[in-house]
Every structure is written in structure tokens, then in C-alpha cells.
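The lines below spell out each chain.
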There are 2 protein chains.
Amino acid sequence: MEKQDHKSALILDAALPVFARYGFQKTTMADIARAAEISRASLYLAFNSKEELFRAGSARAHEQTMSDVEAVLGRTGNVVDRIAAAISAFQEGLIAPFSKSENAKELFDINMQLAADITTTARSRLLDLLAKALSNAQAQGEIDLKPIEASPIDVASLIAAAMDGIKHSFSADGPSVEALRLLMRVLSLALTPGRR
Amino acid sequence: MEKQDHKSALILDAALPVFARYGFQKTTMADIARAAEISRASLYLAFNSKEELFRAGSARAHEQTMSDVEAVLGRTGNVVDRIAAAISAFQEGLIAPFSKSENAKELFDINMQLAADITTTARSRLLDLLAKALSNAQAQGEIDLKPIEASPIDVASLIAAAMDGIKHSFSADGPSVEALRLLMRVLSLALTPGRR
DNA sequence: GAACAAATAGACAAAATACGTCTAATCGTC
DNA sequence: GACGATTAGACGTATTTTGTCTATTTGTTC
């Protein structure tokens, strides 16, 4: 059972770059088998269909990324910086690898079609983690949410929404990083106690 | 007749990047029509088949590149430098654009299958231009071929062969440029008069 | 080296996709 | 309104891909 998972993981690690390169439609099971250096028959032993394989790939990417996000949030340092790093990790893990502009749209569409649950679960998990980090910071007096009259969840939602909006409006051109930095500066000023 | 050519050229300019990105096999006529922002029906008005389109694309790339090569060779300066620049132009025009590593092999294979004549014609044209440049340089005493006991054509052939060999052995990793530079230094030393 | 599980090549029918052709409708220009 | 150019869309055919299956090979364990 554990060997199986390992093999599947190897296949998925080989498959994701192929999807990123050609998109879902143009990627064939033969392409993936070749990339994973196994036969097509073996590939079907591990995954019953291309769609199942894609779902598993999406799941793996999300798991890995969320693990990174969790690790980053667990570090020391001020909350805003850690949250900024967490958002970065989230973007780097799930968006940047597929931002070949052309294929990006198709891949995200297919993902929403085949693995919407995985994505929404990860998203709410991210919200949870951000809210928890904010909550802890507030408990330790590092930040003060009273002036802005919002709960940790509210703030976490705002950050996630901004992340999404920024991603969609700027696509992968570049200003995205800049816009996120600005958001973090705003948050920092708004939440730091000892300010008006 | 002239409008037709212009339209065809626009199509080919849109098609080449698509071929470079996906390779010949994975590129569909629909992909090309989309890239050229015309309908599939119109695409078939300009080209009767995918193979014909590819041939035309290959022809266009070769024409443009050879025109660049000719221009570079026509400049002032010492022969060896001009030849080095010409080789660079040739490589940049016909090899670099398709060196997406994965697709490169398939594209070159398909090219040799569908447009071998175009490639070989361009190649002999290149040889001719190099030989002519060497011949002129010799006539003006800029270089001396006597010590190496070779005709301009011999030297041109050697250069072209070296270019090929370098390309094939190093693929598109990087040392290719270095190797070409070395070849040019060798030539320069061997051909310059006033040396042993 | 026999016994066993895992991986493979290769063939296969069914489904999906691409090709190349055609017609009828739309668009822009004169 | 007439004209040529462009288009959407449907079409049959050919090719490719999918997913399944069997027989064979490979590698491991006893």
C-alpha cells in the first residue's frame, strides 16, 4: 500500500510538468507514461483514467503546497510577514508552475471541472490557517483587530479575496507580486497597535 | 497576388510559434487558425494542407534567415568576424527558435521529411555565400589560403560542417556558442597573412 | 531453478479528435 | 444593392486516443 503511493507519486511528479507544458487536452496518457518512464499499461494500473490521474495530480499539488504554507506560517516573526510568505508559497505552489499563459486558462478550467472540491477544500484550509495565525497574534497583543472591527476570519477572507483578485486582474505579467506587497503594507499599518 | 502573399506571411508568422511550442503532431489547423485570428475555413483557402503550410513556414524561415545572413556578410570588417556573425545569424534564425528541446527533434525530423529540399538549398546557398566572402577577402589580400592548401569552397564547407557538428554534439545547452568562437579564432590565425 | 508478483509489449474495439471539403450566411467595400 | 472575401458550421473520412485485455518478459523470493 505504501509502495503503491510512492509509485503513484513518482508518476504524478512526472505528469504535472507534462500537463503544464501541453495543457490537459493535448496531453495523452502515452505522453505521461513516457515522461514517467513506464509503459502505458502500467500507467493504467495506477490510474484508471486520465481524469482520475489529473485529479490525483491536483490533489498532490495542493497537499504539497498546503504543507509548505503551514510550515511558513509556523515560523517565528511578525504575523503580516508570515502571512505574506504563506500567500507567496500558495501562489508559487499552485499558480506559478502553470502560468505558461496559454495553457494556464485551460488547466484552471479543467481543474475546476474535475477537482473543484480539492481546490475549494484547500482554499478553506488556507483561510483557516490564516485566521488562526491572526487569532494567535491578537491573543499575544501583536496586532489589534478592534480598530478595524473585523474578526480574524474576516481579515483572512479579505486577504484571500485580494490574492484572488490580484491574480485574476494581473494574470502572470508581474505586477502581481507588487500588488501583494502593497496589500501587506496596508495590513501591517492597519493592524499594528499603538497607531491611530 | 501580392495581397495573398502578405496574408500568407501573416499566417505563417502566427503558425511558426505554435509549431515551436507544440511540435508538428500536436499542432492542429484549428490551433494555427486561432493564432492567426482567422477561421479554419480561411486557413484552408491559403494552404491546402497542414503539410503544405509547414513547408511554406519552413521556406519563409529559411528565406528570412538567408536574407539576414547575406546582410551580415555584406557589412564591413574582417572576413572571419563577418563569417562568425553569419553563422550566428543562421543558427539564431533556424535553430534557436525551435530549441524547446522536446519539440526540437520532432520538428527537425518533420522538416527533413517535408521540406528537405528547402533546407538543403539554403545550406548550399550558405556555402556559396561563405565561399564568395572568403574569395573576395583573398583577392584583397586580407587572408591567405595558400598555407592551408584549400579553396574558398573547402574552407566554407569546413565551417559549415563544424557548425553542424557543434550543433549536434552540444544540442542547445550552451557550449555551442563557445565552440563556434573557438573555431573562428582558429580560422583567424590560420588564414591571416604575415604569419607562419 | 521453480514459483510468484510486477511490468511490459502489443492488439483491440469504442470513443474522440483532426483533416479536408462544402454550403449557406455574414461582413465590409465599392 | 452588388460584389468578393470571410465566416460558422456541418459533413464523411482518416487518424489518434482511450481504456481493456492477453500473452510474454522481468525480477524477486524461496
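None of the values given here were measured: they were computed from a predicted structure.

## Focus on the pattern of salt bridges
Pairs can form between side chains of opposite charge once their charged atoms are near each other. Residues and elements named next belong to chain B. In this structure the tally under the stated criterion is twelve salt bridges over all chains. Salt-bridge contacts for D13 lead to R60; the nearest nitrogen and oxygen are separated by 2.8 Å. Taken as a pair, D13 in helix 1 (residues 2-26) and R60 in helix 4 (residues 50-74) lie far apart in primary sequence, 47 residues in all. Looking at D13, the relative accessible area reads 37%, which means it is partly exposed. Measuring nitrogen to oxygen at the nearest pair gives 3.4 Å for the salt bridge that ties K105 to D109.

## Describing the protein's contact with DNA strand D
Near DNA strand D, the surroundings consist of 15 residues, among which M29, R40, Y44 and K50 of chain A together with S42 of chain B are the closest. When atoms of DNA strand D within 4 Å of the protein are split into backbone and base, the sugar-phosphate part holds 68%. Side-chain polar atom of Y44 of chain A to a phosphate oxygen of DNA strand D: 3.1 Å apart, as the coordinates give it. At 3.3 Å from a phosphate oxygen of DNA strand D is found a side-chain nitrogen or oxygen belonging to K7 of chain B. Only helix 3 (40-46) of chain A together with helix 1 and helix 3 (40-46) of chain B provide two or more residues apiece to the surface near DNA strand D. The element best represented in the surface near DNA strand D is helix 3 of chain B, accounting for three residues. Considered class by class, the residues forming the surface near DNA strand D number four nonpolar, seven polar and four charged.

## Looking at the interface of chain A and chain B
With nine residues of chain A at the contact, the number on the chain B side is nine residues. Roughly 770 Å² of surface becomes buried between chain A and chain B when both sides are summed, with 39% attributable to carbon and sulfur atoms. There are two salt bridges connecting chain A and chain B. Residue D31 of chain A is joined to K26 of chain B by a salt bridge in which the shortest nitrogen-to-oxygen separation is 2.5 Å.

## Overview of the relation of the copies chain A and chain B
The operation linking the two copies of the chain is a rotation about an axis combined with a translation along the axis. It takes a turn of 179° to lay chain A on chain B, together with a shift of 0.0 Å along the axis; the resulting RMSD is 0.1 Å. Within this description, the copies of the chain are treated as partners about a two-fold rotation axis. A shared binding surface is used by both copies, with 100% of the interface residues of chain A retained as interface residues in chain B.

## What to know about the protein's contact with DNA strand C
Around DNA strand C there are 14 residues in total, and K7 and S42 of chain A together with M29, R40 and Y44 of chain B lie nearest to it. A share of 74% of the atoms of DNA strand C within 4 Å of the protein falls on sugar and phosphate groups. Measuring from a base oxygen of DNA strand C, one finds a side-chain N or O atom of R40 of chain B at 2.8 Å. Those elements that place two or more of their residues in the surface near DNA strand C are helix 1 (2-26) and helix 3 of chain A together with helix 3 of chain B. For the surface near DNA strand C, a count of residues per class yields four nonpolar, six polar and four charged.

The rules we used
Residues numbered from 1 in each chain as written. Chains lettered and ligands numbered in written order. Predicted model: local features only at pLDDT ≥ 70, side-chain atom pairs only at ≥ 80, totals over all residues. Heavy atoms only, no water. Salt bridge = Lys/Arg side-chain N within 4 Å of Asp/Glu carboxyl O. Helix = DSSP H or I, 4+ residues; strand = E, 2+ residues; numbered from the N terminus. Buried < 20%, exposed > 50% of the residue type's maximum accessible area, 1.4 Å probe, protein only. Near = heavy atom within 4 Å. Polar contact = N/O pair within 3.5 Å; in protein donor to acceptor, adjacent residues only side chain to side chain. Nonpolar A, V, L, I, M, F, W, Y, C, P; charged D, E, K, R; others polar. Contact = heavy atoms within 4.5 Å. Buried area = accessible area lost by both parts, 1.4 Å probe. Least-squares fit on C-alpha atoms with pLDDT ≥ 70 in both.

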